[in-house]
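Chain by chain, the residues:
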Amino acid sequence: MTEYVVVIEHQGSAWGAYCPDLPGLGVAAHTRAEVERLIREAVELHLDELKANGDPIPAPTAVGTTRVRVSTG
């Protein structure tokens, strides 16, 4: 099983998610649970399409996430 890092963002009433290792793949939803479900489905569909076309499956390069606190003022 392969794991890809997914970035989840929240602004106002919208949620979004994308996978840095799969450029152009992103989803949006009204709730975090919904965006997590949609990104999982999108990654699976994207990889299935790559396989069906005989294209290489990108290996995950992102290994984790962290938060960095910086001064903004």
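Anything mentioned here points back to the structure above.
Residues numbered from 1 in each chain as written. Predicted model: local features only at pLDDT ≥ 70, side-chain atom pairs only at ≥ 80, totals over all residues. Heavy atoms only, no water.

**Overview of the pairing of strand β1 (residues 7-11)**
Here β1 pairs with strand β2 (residues 14-18) via five bridges, running antiparallel. Within β2, the position partnered with Glu9 by the bridge is Gly16. Connecting β1 to the next strand, β2, in antiparallel fashion are two residues, including Gly12 with a positive phi near 60 degrees. (Pairing = 2+ DSSP bridges. Helix = DSSP H or I, 4+ residues; strand = E, 2+ residues; numbered from the N terminus.)

**Considering the pattern of salt bridges**
Counting across every chain of the model gives two salt bridges. Note that Glu36 is salt-bridged to Arg32, the shortest N-O span being 2.6 Å. Taken together, the residues Glu36 and Arg32, both in helix α1 (residues 32-52) and four residues apart, mark about one turn of the helix. For Glu41, the salt bridge goes to Arg37, with nearest N and O atoms at 3.2 Å. On the criterion of helical spacing, the pair formed by Glu41 and Arg37 is a turn pair, its members being four residues apart in helix α1. Residue class for Glu41 comes out partly exposed when judged on its relative accessible area of 35%. The class of Arg37 is partly exposed, set by a relative accessible area of 40%. (Salt bridge = Lys/Arg side-chain N within 4 Å of Asp/Glu carboxyl O. Buried < 20%, exposed > 50% of the residue type's maximum accessible area, 1.4 Å probe, protein only.)

**With respect to the sheet that holds β2**
One open sheet accounts for three strands, arranged β1-β2-β3; its pairing is antiparallel. Only two strands of the sheet have a single partner each, and these edge strands are β1 and β3 (26-29). When the angles between neighbouring strand axes are averaged without regard to direction, this sheet yields 20 degrees. With respect to the sheet, α1 is in contact with β1, β2 and β3, its orientation differing from that of β3 by roughly 155 degrees. (Axes fitted to C-alpha atoms, helices over the stretch in contact; angles between N-to-C directions. Contact = heavy atoms within 4.5 Å.)

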